[in-house]
Amino acid sequence: MRVVIQENYEKMCKWAADYIAAKINAHKEDRPFVLGLPTGSSPIGVYKELVRKNRAGELSFSNVVTFNMDEYLGLPREHDQSYWYFMHDNLFDHLTDMKPENINILNGMTDDPEAECAAYEAKIASYGGIDLFMGGIGVDGHLAFNEPFTSLSSRTGVRALTTDTRIVNSRFFGNDPEKVPAYALSVGIGTVTDSKEVLVLINGHNKARALAATVEGGVSQKWTCSALQLHPAAIIACDEAACGELTVDAYKYFLDIEKEERL
Ligand code: GLP
């Protein structure tokens, strides 16, 4: 696993956006580049930079197909906290050449969640899998909505949100955890780790425990993000603030080995 430590959130986002853009631009195959995407506050700066590059003519999305990680169950697209709304508001609506038919987001209003999730997995497979899955994590280490103790080989399905996650996410729902949907549809840990590459953003002091568990703890279903240790091409992009719980030798090791990546 690579861990690229940047000085602050802005530099972490710039580095991640540069990485993603370079991968898309280098993709010369006669098939689309398949990009997995997260929501949350962590990727917002990355999306801003991807939009800037796109509008400056440095990056085209015309041959990109996207799959989002998750969606709240029971929220319609138009709800301003749905992940469909978030993705259009923060990324898709601002791109000059993203094809709407290439955007894939789980339907939180489905009558048949199991069929919806099975079709999502099948659609990912029909493209030959995901080339690069960008993610973020929760303070409890959840990747997409794979809360602690979700199977590390899980596939796309319905997930119950923990009380902790509903409290954390209540900041978007008038600070009332009861207003946060109790369930979501989410890709599985196995869905993410099947991707050719995984890039996870971890920033801020409140993610310090999760970063340490992801990088230095054992592989454990308690910290579902730790499954990335088994992936052959996983990268964590983080800021200094998130490094507070790393051991000094691990912190120094990653700074040294990735010194050329430092912005
Ligand atoms: C939600 C999403 C996750 C996201 C996490 C962290 O729970 N389901 O995919 O990674 O929040 O969000 P933030 O980046 O705002 O800390």
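A.B. asks: So what exactly am I meant to see when it comes to the overall build of the protein here?
C.D. replies: What the protein contains, in helices and strands, is eight helices and 10 strands. Taking 18 Å as the expected radius of gyration for a compact globule of 263 residues, we find that the protein reaches 17 Å, a close match to that expectation. By its C-alpha atoms, the protein is 50 × 45 × 35 Å across when sized along the principal axes. Looking at the 263 residues of the protein, the share that counts as buried comes to 53%. Intrachain contacts of the protein at a sequence separation of at least 6 include 78% that bridge at least 24 residues. On the protein, roughly 11600 Å² of surface is accessible, and the fraction owed to carbon and sulfur atoms is 51%.

A.B. asks: Would you explain the side chain of Asp239 in this entry?
C.D. replies: Examined against the element boundaries, Asp239 turns out to sit in strand 10 (residues 234-239). Buried within the structure, Asp239 lacks any salt-bridge partner; its nearest side chain of opposite charge belongs to Lys207, at an N-O separation of 9.1 Å. A distance of 3.1 Å separates the side chain of Asp239 from the backbone nitrogen of Ala242, its partner in a polar contact.

A.B. asks: Looking at this structure, I do not really get the nonpolar core. What am I missing?
C.D. replies: It is characteristic of soluble globular proteins that their nonpolar side chains tend to be buried jointly. Counting residues in hydrophobic clusters, the biggest one holds 38 residues, and the most contacted among them are Leu143, Val200, Ile202, Leu211, Ile236 and Cys238. Put simply, the parts of the chain that give this core at least two residues each are strand 1 (2-6), strand 3 (64-68), helix 4 (113-126), helix 6 (189-193), strand 9 (197-202), helix 7 (208-216) and strand 10. Per element, the largest residue contribution to this core is five residues, and it comes from helix 7. If near-sequence neighbours (up to four positions away) are discounted, Ile236 is found in contact with Met1, Arg2, Val3, Val4, Val200, Ile202, Leu211, Thr214 and Leu228.

A.B. asks: Looking at this structure, how should I read the packing of aromatic side chains?
C.D. replies: Aromatic rings in a pair are described by how distant their centres are and how their planes are angled relative to each other. Across all of its chains, the model carries eight aromatic pairs by this definition. Between the aromatic rings of Phe67 and Tyr127, the centroid separation amounts to 5.9 Å while the plane-to-plane angle is 70 degrees, which identifies the pairing as edge-to-face. Placement of the pair is Phe67 in strand 3 and Tyr127 in the loop between helix 4 and strand 6 (132-136), with a sequence separation of 60 residues. Under the relative-accessibility criterion, Phe67 is labelled buried at 0%. The class for Tyr127 is partly exposed, based on a relative accessible area of 24%. Members of the aromatic cluster, joined through ring pairs, are Tyr72, Tyr83, Phe145 and Phe173.

A.B. asks: When you look at the site of the ligand in this model, what are you seeing that I'm missing?
C.D. replies: As a structural note, the neighbourhood of the ligand is formed by 13 residues, with Ser41, Ser42, Asp70, His142 and Lys207 the closest of them. His142 is positioned such that a nitrogen or oxygen atom in its side chain is 2.8 Å from an oxygen atom of the ligand. In this structure, Asn169 approaches the ligand through a side-chain N or O atom, which is 3.4 Å from an oxygen atom. Notes on the ligand: free accessible area 390 Å², of which the protein chains cover 94%.

A.B. asks: I'm lost on the sheet that holds strand 3 in this one. Help?
C.D. replies: Whenever strands of a sheet pair, they do so through backbone hydrogen bonds, lying parallel or antiparallel. Taken together, seven strands build an open sheet; the order of strands is 1-10-9-6-2-3-5 and the sheet is parallel. A strand with exactly one partner marks an edge of an open sheet, and here the two such strands are strand 1 and strand 5 (103-104). In this sheet, strand 5 lies alongside strand 3 in parallel orientation, the contact comprising two bridges. Bridge pairing links Phe67 to Asn104 in strand 5. Helix 1 (residues 9-26) rests against strand 1, strand 2 (33-37), strand 3, strand 6, strand 9 and strand 10 of the sheet, and its axis sits at about 165 degrees to strand 9.

A.B. asks: I keep staring at the pattern of salt bridges and nothing clicks. Help me out?
C.D. replies: For side chains bearing opposite charge, pairing can occur when the charged atoms are close. Scanning all chains against the criterion turns up 17 salt bridges. Linking Lys53 and Glu49 is a salt bridge whose minimum nitrogen-to-oxygen distance equals 3.3 Å. A residue pair is termed a helical-turn pair when its members lie 3 or 4 positions apart in one helix, as Lys53 and Glu49 do in helix 2 (residues 44-55) at four residues. Across this residue pair, the class does not change: Lys53 and Glu49 are buried. The salt bridge partner of Asp131 is Lys196, with a shortest N-O separation of 3.3 Å. One end of the pair, Asp131, is in the loop between helix 4 and strand 6; the other, Lys196, is in the loop between helix 6 and strand 9, and 65 residues separate them in sequence. Here the salt bridges do not stand alone but share partners, grouping Lys14, Asp18, Glu49, Arg52, Lys53 and Glu58 into one network.

So, how was this worked out
Residues numbered from 1 in each chain as written. Predicted model: local features only at pLDDT ≥ 70, side-chain atom pairs only at ≥ 80, totals over all residues. Heavy atoms only, no water. Helix = DSSP H or I, 4+ residues; strand = E, 2+ residues; numbered from the N terminus. Rg over C-alpha atoms; globule rule 2.2 N^0.38 Å. Buried < 20%, exposed > 50% of the residue type's maximum accessible area, 1.4 Å probe, protein only. Contact = heavy atoms within 4.5 Å. Areas by Shrake-Rupley, 256 points an atom, 1.4 Å probe, with all protein chains shown as cover. Lys, Arg positive; Asp, Glu negative; His and termini not counted. Salt bridge = Lys/Arg side-chain N within 4 Å of Asp/Glu carboxyl O. Polar contact = N/O pair within 3.5 Å; in protein donor to acceptor, adjacent residues only side chain to side chain. Core = buried A, V, L, I, M, F, W, Y, C linked by side-chain atoms within 4.5 Å. Phe/Tyr/Trp six-rings, centres within 6.5 Å; stacked < 30°, edge-to-face > 60°. Near = heavy atom within 4 Å. Pairing = 2+ DSSP bridges. Axes fitted to C-alpha atoms, helices over the stretch in contact; angles between N-to-C directions.

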